[in-house]
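Below, each chain spelled out in residue letters.
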Amino acid sequence: MIQKKVCMMGYFSVGKTSLLSQYAHSIFSEKYLTTVGVKVDKKVVTIGSQDVTLMLWDIEGEDKFCKLKKHYLRGVSGYILVADISRKNSLDKAIELSDKMVENYGNIPFTLALNKSDLTSQREITDYQVKELLNKGWDVIFTSAKNGKGVESVFNDLAEKMLLSDVG
Amino acid sequence: MDSVQPEKKNHTSSDNTQDIAALRELIFGLEYQQLLAVKARVADKQLRTIDIAEVLPQAVKRCADESDDLSSELSTIVEQAIQASARRNPQPLVDAIFPVLGPAIRKAIHAAMESMLATINATIEQSMSPQAYQWRFHAWRSGLTYTEYVIRRSMLYQVEQVFLIHKKTGVLLHYIQSNDALNKDPDMVSGMLTAVQDFMRDSFQVEDASNLEMLNFGDMTVTLEAGPKAVIAFVIRGNGPPSLRKLQIETLEKFHVDYAVMLENFHGDIEPYKATEALLEACLVNERKEHEDESKAPTSMWKAWLVIGVIAASLFYWQFTRYVEDQHWDNALNSLVAEPGLIVVNSRYVDGQYIVTGMKDPQAKDPQVVIADSVGEVGPVKFVFTPFMSLDPTMVLIRARQAFKPPASVMLSYDAGNLILTGTAEKQWINTVRNAAVNVMGVEAIDDSHLVIDLTTVRSEIATLAQIINDFILYFKSGEVALSHAEKEQVAVLATTVNEHFDKVVLTGLRAHYLIKGHSDLEGSEKVRQTVSIDRARIIYNQLILAGVKEERLSFSGVAAAEYSEMLSNNRRVVLEVQLTEIEIAGSGEGRIQ
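S.K.: Whenever I open this one, the pattern of salt bridges confuses me. Can you help?
M.R.: A side chain of one charge can pair with a side chain of the opposite charge if their charged atoms are brought near each other. Evaluated as defined, the whole model comprises 27 salt bridges over all chains. Two residues, E66(B) and R62(B), come together in a salt bridge whose shortest N-O distance is 3.1 Å. Highlighted residues: E66(B) and R62(B), both in helix α3 (residues 45-66), separated by four residues, approximately one helical turn. One exposure class covers both E66(B) and R62(B), and it is exposed. A salt bridge links K517(B) to E577(B); the shortest N-O distance between them is 2.7 Å. One end of the pair, K517(B), is in strand β13 (residues 510-519); the other, E577(B), is in strand β15 (residues 573-582), with 60 residues separating them in the sequence. Residue K517(B) is classed as partly exposed on the basis of its relative accessible area of 24%. In this structure E577(B) comes out as partly exposed when scored by relative accessible area, which is 28%. Several salt bridges converge on common partners, so that one network encompasses K42(A), D185(B) and D187(B).

S.K.: Got a minute to help me understand the sheet that holds strand β5 (residues 230-238) of chain B in this structure?
M.R.: Note on sheets: strands pair through backbone hydrogen bonds, and any given pair is parallel or antiparallel. All names here are of chain B. As summarised here, the arrangement of the five strands in space is β2-β1-β5-β4-β3, forming an open sheet in which the pairing is antiparallel. A strand with exactly one partner marks an edge of an open sheet, and here the two such strands are β2 (172-177) and β3 (214-217). With strand direction ignored, the average angle separating the axes of adjacent strands in the sheet is 15°. In this fold helix α8 (residues 186-204) packs onto β1 (157-166), β2, β3, β4 (220-226) and β5, with an angle of close to 80° to the strand it touches most, β1. Strand contacts of helix α9 (residues 242-258): β1, β2, β3, β4 and β5, with the helix running at about 155° to β5, the strand carrying the most contacts.

S.K.: I keep staring at the pairing of β15(B) and nothing clicks. Help me out?
M.R.: Successive residues of a regular strand alternate their side chains across the two faces of the sheet. Residue and element names in this part refer to chain B. Two elements, strand β12 (residues 473-475) and β15, share three bridges in a ladder whose sense is antiparallel. Note on β15: the bridge partner recorded for Y475 is R573. Examined bridge by bridge, β13 and β15 share nine bridges and lie antiparallel to one another. Bridge pairing in β15 links L510 to E582.

Reading the values: the criteria
Residues numbered from 1 in each chain as written. Chains lettered and ligands numbered in written order. Predicted model: local features only at pLDDT ≥ 70, side-chain atom pairs only at ≥ 80, totals over all residues. Heavy atoms only, no water. Salt bridge = Lys/Arg side-chain N within 4 Å of Asp/Glu carboxyl O. Helix = DSSP H or I, 4+ residues; strand = E, 2+ residues; numbered from the N terminus. Buried < 20%, exposed > 50% of the residue type's maximum accessible area, 1.4 Å probe, protein only. Pairing = 2+ DSSP bridges. Axes fitted to C-alpha atoms, helices over the stretch in contact; angles between N-to-C directions. Contact = heavy atoms within 4.5 Å.

Structure follows, in structure tokens:
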């Protein structure tokens, strides 16, 4: 059994908690987020024949300065960057966060979830921007906490990358 | 490669050596020179030291990575070196450990103080409670002082869960719990425990090396001990002793020693840490269980026998008191049944009180009083009695006594409808009884044949009345026979006295007759005087009849004045004379005359 500490990262109100509350196992209420500032959930994914338990640390939304909460990030094995396709600045913040993560923790695996993909009419993030990220080697997955689209893929993709990272 | 040749061939040998050297130069050239340089370097101790120093750190690291052999070998040497150093000059060693010694001592004292305070607090809290008195009793029974017992009780605890957490990631390396412990998801709890520690550091800006050591919630305590790579958390129910902290530290230290390499290269694989099961299981200590086991069997048996004994005694007591109460009530009920004028139809015990139904004569005794007089107190009783007239002789006699109010000299008895009067009584009372007898329920006839009539009072009254009659004198003026209005009034009063006298005389068995005597003075002829005296007697006679005296009880006569020598004026008068005669008493109800 492999267990990995994974942090959910992204600008406020991009849907991090929604992704977890519907697709991960939780025993703690959301009030932990506003009190302790973090809530730990669990998601077990299977990569090949290997079960990987993702201990998902849902950290209260980063502020506009994108200051990392380093205490909570200590020992992180990978992270899910979440951005809202209807808010362009949420992607900018995600990129900024990623840069800071690289700066502080090196190149650890991550996956970008472009959430609220069901809000197509309000989409602000263009295909061009997405293509640019893909060209940089990012894994980008459109997700919707509302209809579940792409959510499982995000967890699987990240788990796979973390396992590969261990081997490498 | 150097060779030694014989002396005699010294010249030739020298030539050969040179040749060989030339040959070597030709064959190996530069390499040979290098070889010579290496040889010289190896032979030079100083140079060799420099070379080894250059590679030593890498060599040690590689050895440590590959196996624990070097660590084992070095540990012995290091221990010996430290001991030798300490013996030779302890000061450098003291200086070296000084920075860590202070915090370590403070931490140990803090842990001990915290535990002691918890124990004292628990003791104080318990000292005034009902449980404290219970504990005092148990302490006395078990031969311990109260303090010893309280401390023993206060120290009861159970380590219910043990978390072994990777310090950096918060990943749960291994987890065990006692059978009765509850935990929703240890993985997530482990994560949150780590998060809470991070939260504390973040919130209060404490040093990274500091750790959250204890969480208290009700009787649940979570103690955390952090090592360089891992954190061990005990979830303790109750008040754990200081020795638990020692166990926690020792377990963590042993874990770090055994898994040092593995922890260094941790990438999330928790499988190897299942081997810590035995190590962690040793932490699931439970003092309470040991104490309970010591005395479980005898205590439970003693208690069981005590409970059985108490129940049996209670049952016996209950049965006995029920029997006594039943007997008591039966006696009370019997007294009601035996009481004249009361008829008990039913008796039952409902909602803590007796209910007695039946019938009650209005003259019967109060049933409450009957019971109180016969058996005393019986508890609450409700009487539901319907009124009725009892023909019980006692009740008939009570009714008769109430109706007739007999004098003390008369005894009443009753037999089959007959009211029997015995003793002495006045005639008047006897007559009253005879007239009223029919009004008393149960009295069909009165037998007064055994009753003696008491005439003492009557005779005295007759004498008084006779005196009044005998003293009656009515004077007339000369030649007059008529009565004035006032005189008629006097005669009317006399008539009442006469009738009363007559009636009372009858009670004595005699008959009274009243002779009215008229008198005249000496004036006129004897015939005239006779006529006047008779006329005067007659006028009184008539007046008495008019006033209600029966004619046959009266007679009159005239007396000539010649028979008198008194003053003339006193001769013109009328007087009465009472005459008594025996009569034969008629009727069965008449009593004997005394």
